[in-house]
Amino acid sequence: MLTTERIRPATSADCAAMAALHRASIAGLCSGAYPPEQIAAWTALLVPEVYLPALRSKLVLVAEAGAGAEGLGILDAAAGEIQALYVAPEAAGHGLGGLLLETLERAAWDAGARRVRLRSTLNARDFYARRGYAHPAPDAFELPGGVALACVDLRKDLGRRP
């Protein structure tokens, strides 16, 4: 059951909650696809200040429910790129990720993009495939310090307004 009350643009006041949610999502949902040392290196980077540049130049969304933030999404509309989509582990499988993705796709469309791309974690590629993302290409995301996280580069033609 989807418990989200609203999806709204994030503000700097949300940075601590976004960082905590992002770390929890990775630790809870990505641990089967990545080794513990990669999870640790990845989550160590997610401090509240890391979201400030995105808040200035991108669309950053927070999905809220009664208990607080349950999801976040980041869209670089100018590039037609979804840069982040994470949900709390307890919210996974209840429609929140799909709702956030639809909201980001609509925003991309409204900004003039007719195609979007993203780099999916290995554990989320089926989630995106079910929503029309295709053309998977192996990729890697380089973290500071030289840790490379395997990912999948995906694309979706938006066709008509999502």
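Our subject is the structure that appears above.
In this convention, every chain numbers its residues from 1, walking through the sequence in written order. Only residues with pLDDT of at least 70 get local features here, since the model is predicted, and only at 80 or more are side-chain atom pairs given and counted; chain-wide, interface and lining totals rely on the full set of residues. Computation of side-chain values covers all heavy atoms of the structure but excludes hydrogens and water.

Q: Would you explain the sheet that holds strand β6 (residues 134-142) in this entry?
A: Within a beta sheet, neighbouring strands are joined by backbone hydrogen bonds and run either parallel or antiparallel to one another. When DSSP finds at least two bridges between two strands, those strands are taken to pair. Secondary structure counts use DSSP, requiring at least four H or I residues in a row for a helix and at least two E residues in a row for a strand, with both numbered from the N terminus. The sheet built from 7 strands is open, its strands ordered β1-β2-β3-β4-β5-β7-β6 with mixed pairing. A strand with exactly one partner marks an edge of an open sheet, and here the two such strands are β1 (6-9) and β6. Taking the axes of each pair of neighbouring strands and ignoring which way they run, one obtains an average angle of 25° across the sheet. The sheet contact formed by strand β2 (residues 59-65) and strand β3 (residues 68-76) spans 7 bridges and is antiparallel. When the sheet's bridge partners are listed, Glu64 is paired in β3 with Ala69. Axis angles are defined between N-to-C directions and span 0 to 180 degrees, where every axis is a line fitted to C-alpha atoms and, for a helix, only to the segment in contact.

Q: Please explain the side chain of Glu81 as it appears in this structure.
A: Position of Glu81 relative to the elements: it lies in strand β4 (residues 81-87). Should any heavy atoms of two residues lie within 4.5 Å, those residues are counted as being in contact. Once residues lying within four places of it in the same chain are set aside, the contact partners of Glu81 are Ile74, Leu75, Asp76, Arg117 and Arg119.

Q: Just checking my understanding: could you explain the environment of Thr43 for this structure?
A: Tracing the sequence through the fold places Thr43 in helix α2 (residues 36-44). Placed 16 residues apart in sequence, Thr43 and Ala27 show a C-alpha to C-alpha distance of 7.7 Å. Excluding residues that lie within four positions of it along the chain, Thr43 makes contacts with Arg23 and Ile26.

Shape is all these values report; function is a separate question.
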